[in-house]
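Descriptive analysis of the structure
What follows is the residue order along each chain.
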Amino acid sequence: MTVPPEQLMGTVTAESGIAGQATLDETRVPSRRRVVWRRFVRRKTALAGLILLALLVLMAFGGIHLTHWKYTDHDFNALQVGPTSSHWFGTDLTGKDMFAATMRGAQKSIVIAFLVALMATGIAAIVGSFAGYFGGWLDRTLMWVVNLLLIVPSFLIIAILSPQFHSFWLFVLLLGMFIWQITSRIVRGQTLSLREREYVLAAKYMGVTGPKIIARHIIPNLASLLIIDATINISVAVLTETGLSFFGFGVQPPDISLGTLIADAQASATVLPWLFLFPAGFLVLFVLAVNLVGNGLRDALDPTSGSSR
Amino acid sequence: MGKYLARRLVNYLILVFIATSMAYILAAVSLNPRSHYEGRNPPVPVAEQDHILSQYNLNDKTPVLERYGTWLSDVVHGDFGKEYNGQSVNSEIGRRMWVSGQLLLIGTILGGLIGIAAGAYAAVKQYRWQDNMLSTGSFVLLATPAFVLAILLQVAAVKFNGAVGHKVFEYSGQYNPAQAGGFFAHFGDRMNHLVLPTVTLTLLGASYLMLYQRNAMLDVLGSDYVRTARAKGLRRTTALRRHALRTALIPSVTLFTYSFATIFVGATFTETIYGWHGMGELLVTSIQGNDTNTVTAVTAFVAVLVLLASFLQDIIVGILDPRVRVG
C-alpha cells in the first residue's frame, strides 16, 4: 500500500517503471475492437464470408429496385422461359418473374432469420445465466425444460402449432422460442465458473442483487460467446424457417419465402431447373456466408478456442 | 454402471411421457379434425359430427383434459387411437415404422461412421489437401438444407439416367410395383430405391459430425499423453487409434444424440421428396390433415428414438470414458 500512484500507473503498461509516464503515451495499446477486427480480417475465408453476406443482403433489399417486375406481376408473354435479359432468373408457369420473387423471398427469410437469432440468443443468455448463477431448484427446473425441449425436435412443435399462427410476428416469436436450448446449456456452464470469480463474489458480498450481477458482470463477460452464437443462430433460423415454409408450416401465402419458392419449384425441378436453382442457390450461399462469418468471429473473439470450424 | 444406466433410463422414460403428453395437448388445441366433416355436400348435421368425432375421441367440444384422459388410458393399453376417418393409428404406424426405420438406421449409422472417420482422418492430415477437401466439402454440405440436397440429387439422377439412356438410379418410391423376377430382382429393386434417400441422410449426418470430430481430434493430437504413447514405442496408427481417437470420440458421441433429432427432421424432407411413405411423411400429412392422434403417435415415435439414441450414447460413453463408469 506504500506504492505511489505514479508507479502504479506505470505498471499497467508493458514497459513499466523507470520511464514511467513517458512510455505510457508511446506504447499505444490497440483497442479490443481493433484487435478483433484485425484478427478477423486476417482470415481470408472470414472476410470473404462477410463480403458475400453483405452482397447478398444488398442484393435482396436493393436488387428489387433494379427490375421493373414485382413479385406479384405475371408476364403473360413469357411463361416458363429460362433466364433472359428481361427476366434475369426466368419465369414460372404463370409468368411470375423469378428474380423479383427470389429477392422478395430472400428479404422475408433474412428478416426472420435476424430477428429470430437475436431473440433466441437473448433467451439463451437469460435462461442459461439465471440457471447457472442461482443454481438450486431454478437450475434444475430450467435445465429439465431444456432437456425436454431437446427430446422433441422443435421443428415438430412449431409444425404442430402452425395452424394457429397466421400472423408473421407470431411465427417469428415461435421460432425464436424453440431454438435456444443448446446455447443456454453452454451459457449455464460458463456462468458456473464465472460465478466463483473474485469480482463477482466481491459484488455479491457488497450486497448487489443477483439479477444485477448477471446484467453487469456475467452477461458482459459472455459477450464473445453470445455474439458468435447469435451469428450461428442466424443460419439455424434460416434453415428452420425455410424448412417449415417448404411444407407450408411457415410463411403463409400471399407472402413468400425462399422455402415456399423451393417447394413450388420441386415438382418441375428437372424440367424448369431455374425455378429451383436460383432460390436454392441464394439460400445455400447465404447460410454459407453466415457460417463463414461465424467461424471468423469465433477465431477473432476467442483465439484460445483453437477452433477452425 | 448398471445403476447409473437404470437411473438414466427412468429419467428418459419420464421425459418421453411428458414430451408425448405435451405433444398431445398442443395438437389437440391446435388442430381441428372437425374440418373434415364441415362444409361437406350433403352437409353433415352438427349432432352427427359430434357423434362421429366423440367416437374417435376427437370432439373439440369435449374439454382437452378429458380427451387427454381418454387418450392416455388407451395408450397405456397400447392403442394410439383413431384417425379422423376411424382407421386405427396403430396399423398405420406399424406399417410406416419399418419404412422409416430402415432409412433412419442405415442413414444414421453410415453417417455417424463416415463422419467420425473422415473427421479423424482430416485432423491427422491437417492443412493438407485431404483435409482441405473434406473440410470444404462438409462446410458446403452443412450450408445445404436437406430439401435442397434431396432435390439436387434427384435432378442429378434424372439427368444421369437421361445421359446414359437407361434407368440406373431410381428416384421415386420405395419399390417398383411392376418389378418382374424372383426374390433377388425384387431385393435389388428395393436396394436401388434406397440409394438416393440414404445418400441424402448420410451426407447430412456425416457433414455435421465430421467437422466436430476434426476439432475434437485436433485438440487431442497435441496432448502429452499421445506423445507419451508414441515415446513408449507404440506405432503411430496404434497411438492415434487407442489414445487420440478414443478420447476424441467422447464429445462426438454426445453430439450424436442431438443430431439424431436433426436426422429425423431431415428424413421428413427426404421421405416427402422421394415419395417414401414413412413416419416423416406421415407427420407432414397428419398435421396438414388435422389428425391429432396420428400427430401424437409420430411424436411419441420420435421421442422414443431419441431416447434410444441417448441411452446408446450413455452406454458408449461409459465404455469409452472410465470416469463415467466409476462415478
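In this text, all values refer to a predicted model and were calculated from it rather than measured experimentally.

Things to note about the overall build of chain A
- From N to C terminus, chain A includes 14 helices and zero strands.
- Tracing chain A from N to C terminus, the helices and strands come up as α-α-α-α-α-α-α-α-α-α-α-α-α-α.
- Per-residue burial for chain A yields a buried fraction of 45% across its 309 residues.
- Of the contacts made within chain A by residues no fewer than 6 positions apart, 67% connect residues no fewer than 24 positions apart.

Points about the interface of chain A and chain B
- With 36 residues of chain A in contact, the opposing surface of chain B contributes 36 residues.
- Elements that contribute at least two residues to the side of chain A that touches chain B include exactly α6 (136-151), α7 (154-161), α12 (223-246), α13 (258-266) and α14 (273-301) of chain A.
- Ranked by residues supplied to the side of chain A that touches chain B, first place goes to α14(A) with eight residues.
- Partitioning the side of chain A that touches chain B into residue classes produces 25 nonpolar, 10 polar and one charged.

Digging into the confidence of the model for chain B
- On average, residues of chain B score 86 in pLDDT, and 98% of them reach the 70 mark or higher.
- For this predicted complex, the interface confidence reaches an ipTM of 0.87, while the overall pTM sits at 0.86.

Looking at helix α4 (residues 44-62) of chain A
Residue and element names in this part refer to chain A.
- Between the first and last C-alpha of α4 there are 26 Å, a value that for 19 residues agrees with the 27 Å anticipated at 1.5 Å per step.
- Of the positions making up α4, those classed as buried are A46, G49, L53, L56 and A60. With its buried residues spanning 90 degrees around the axis, α4 presents them on a single face. Set apart from the buried face of α4 by more than 90 degrees, the exposed residues are K44, A54, L58 and G62.
- In this structure, the buried residues of α4 make contact with α3 (32-42), α5 (98-134) and α14.

Structural notes on the nonpolar core
- A:I160, A:A237 and A:I262 are the most contacted members of the largest nonpolar core, which has 167 residues in total.
- Broken down by element, the residue count for this core peaks at 19 residues, all from α5(A).
- Leaving out residues up to four positions away in the same chain, A:I160 has contacts with B:A23, B:L26, B:A27, B:S30, B:I287 and B:V295.

Considerations on the environment of A:Q190
Residue and element names in this part refer to chain A.
- The topology assignment puts Q190 in helix α9 (residues 181-194).
- Each C-alpha atom of the pair Q190 and D92 lies 51 Å from the other, and the pair is 98 residues apart in sequence.
- Among residues more than four places away in sequence, those in contact with Q190 are L222 and L225.

Some remarks on the packing of α5(A) against α9(A)
Residues and elements named next belong to chain A.
- It is at 7 Å that the axes of α5 and α9 come closest, and there the two elements cross at 40 degrees. Relative to α9, α5 is oriented oblique. For α5 against α9, the interelement crossing comes out right-handed. Residues T121, A124, A125, V127, G128, S129, A131, G132 and Y133 of α5 lie in contact with α9, whose contacting residues are T183, S184, R185, V187, R188, T191 and L192.

Focus on the environment of A:V57
Residues and elements named next belong to chain A.
- Within the secondary structure, V57 is located in helix α4.
- Residue class for V57 comes out partly exposed when judged on the 16 C-beta atoms lying within 10 Å of it.
- Separated by 46 residues in the primary sequence, V57 and M103 have C-alpha atoms spaced 9.5 Å apart.

Focus on the packing of α5(A) against α13(A)
All names here are of chain A.
- With their axes 7 Å apart at the nearest point, α5 and α13 run at an angle of 135 degrees to one another. One element, α5, and the other, α13, form an angle in the oblique class. Every residue of α13 that contacts α5 at A101, T102, G105, A106 and S109 is listed here: L258, T260 and L261.
- Tallied by class, the residues present in the contact of α5 with α13 amount to four nonpolar, four polar and no charged.

What counts and how
Residues numbered from 1 in each chain as written. Chains lettered and ligands numbered in written order. Predicted model: local features only at pLDDT ≥ 70, side-chain atom pairs only at ≥ 80, totals over all residues. Helix = DSSP H or I, 4+ residues; strand = E, 2+ residues; numbered from the N terminus. Buried ≥ 20, exposed ≤ 12 C-beta atoms within 10 Å, placed from the backbone. Contact = placed C-beta atoms within 7 Å. Nonpolar A, V, L, I, M, F, W, Y, C, P; charged D, E, K, R; others polar. pLDDT = per-residue confidence, 0-100. Expected span 1.5 Å × (residues − 1). Arc of directions from axis to C-beta. Core = buried A, V, L, I, M, F, W, Y, C linked by C-beta atoms within 7 Å. Axes fitted to C-alpha atoms, helices over the stretch in contact; angles between N-to-C directions. Parallel < 35°, antiparallel > 145°, perpendicular 65-115°, else oblique. Left-handed = near helix turned anticlockwise from the far one by under 90°.

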